[in-house]
Amino acid sequence: MPFIHFNNIGNNQGGNALDPNLPGVIAFPAAGSGGIDCSTARIEGNYIRDNIGGVAGNDATRGGAGGIATEGDVEIINNVIAGNMGGPDIGGSGIGGAGGIHDFGGNILVLNTTISDNVGAIGPVTSAAGGLHVASGWSANVENSILWNNLGGGQGMGPNEIGGFGATTVSYSDVQGG
């Protein structure tokens, strides 16, 4: 399992997934994360801030997450994830990216982590959460963490702190409005 630890990951923008019919465009199935985009990993002790997820176009399935995008079993421990913005899906068939963490596939653990001041993005099917968004069929276990002052996609039309159709269990945590 890759180990990403003790980094300051900030001021990045994820790659865009645009219309493959445009001349000279290489199409990707989804836009990239501004911060970390991973499958299986342990992410520990990082400051992930002020990143912007990539924009998804016509055939892409989702906008990029601002902070962390996961597509596998990931442990997120002792991190600060703040001030990130998800990338929108501007004509595709999917969802905007979450501001903080977007679990697109896999089961994740969020432990002793602060997720604050992130903004989710809008999409044609649904808008993403500002803090943590868990896709259908997957799960997140949040323990001893803070989710505060996040804003859902579409200026609050999406869920602010925690959203998605996956299962989320929260224990010993401080969640604004929850």
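Residues numbered from 1 in each chain as written. Predicted model: local features only at pLDDT ≥ 70, side-chain atom pairs only at ≥ 80, totals over all residues. Heavy atoms only, no water.

Caption draft 1: Molecular detail of the overall build of the protein. What the protein contains, in helices and strands, is one helix and 17 strands. With 178 residues in all, the protein has 50% of them scored as buried. Taking all contacts inside the protein whose residues are at least 6 apart in sequence as the whole, residues at least 24 apart take part in 78%. Surface summary for the protein: the accessible area is close to 7600 Å², and the carbon and sulfur share equals 53%. (Helix = DSSP H or I, 4+ residues; strand = E, 2+ residues; numbered from the N terminus. Buried < 20%, exposed > 50% of the residue type's maximum accessible area, 1.4 Å probe, protein only. Contact = heavy atoms within 4.5 Å. Areas by Shrake-Rupley, 256 points an atom, 1.4 Å probe, with all protein chains shown as cover.)

Caption draft 2: Up close: the side chain of His133. By secondary structure assignment, the location of His133 is in strand S12 (residues 132-134). Judged by relative accessible area, His133 falls into the buried class, the value being 5%. Within the structure, His133 has its side chain in polar contact with the backbone nitrogen of Ala129 (distance 3.0 Å). When sequence neighbours within four positions are dropped, the list of residues in contact with His133 reads Ile95, Ala98, Ile101, His102, Asp103, Ser127, Ala128, Gly163 and Gly164. (Polar contact = N/O pair within 3.5 Å; in protein donor to acceptor, adjacent residues only side chain to side chain.)

Caption draft 3: Looking closely at the pairing of strand S13 (residues 139-143). Of the two faces of S13, the one lined by Ala140 and Val142 is fully buried and the one lined by Ser139, Asn141 and Glu143 carries no buried residue. For strand S10 (residues 107-111) and S13, the ladder comprises five bridges, and the chain directions are parallel. Note that in S13 the partner of Asn107 across the bridge is Ser139. Taken together, the five bridges between S13 and strand S16 (residues 167-171) define a ladder with parallel strand orientation. Bridge pairing links Ala140 to Thr168 in S16. (Pairing = 2+ DSSP bridges.)

Caption draft 4: Quick look at the sheet that holds strand S9 (residues 101-103). Read from one edge of the open sheet, five strands run S3-S6-S9-S12-S15, paired in parallel fashion. If you trace the sheet from one side to the other, it starts and ends with strand S3 (36-38) and strand S15 (162-164), each paired once. Taken over all neighbouring pairs, the strand axes of this sheet differ in orientation by 10° on average, direction set aside. Two strands pair when backbone bridges link them, and S3 and strand S6 (residues 68-70) are joined in this way by three bridges, in the parallel orientation. Bridge pairing in S6 places Ile36 opposite Ile68. (Axes fitted to C-alpha atoms, helices over the stretch in contact; angles between N-to-C directions.)

Caption draft 5: Inspection of the sheet that holds strand S7 (residues 74-77) at higher detail. In space, the six strands of this open sheet follow the order S1-S4-S7-S10-S13-S16, with parallel pairing throughout. Either end of the sheet is taken by a strand with one partner, and the two such strands are strand S1 (3-5) and S16. With strand direction ignored, the average angle separating the axes of adjacent strands in the sheet is 10°. Strand direction decides the pairing type here: S7 and S10, joined by four bridges, are parallel. Of the residues in S10, the one forming a bridge with Val74 is Ile108.

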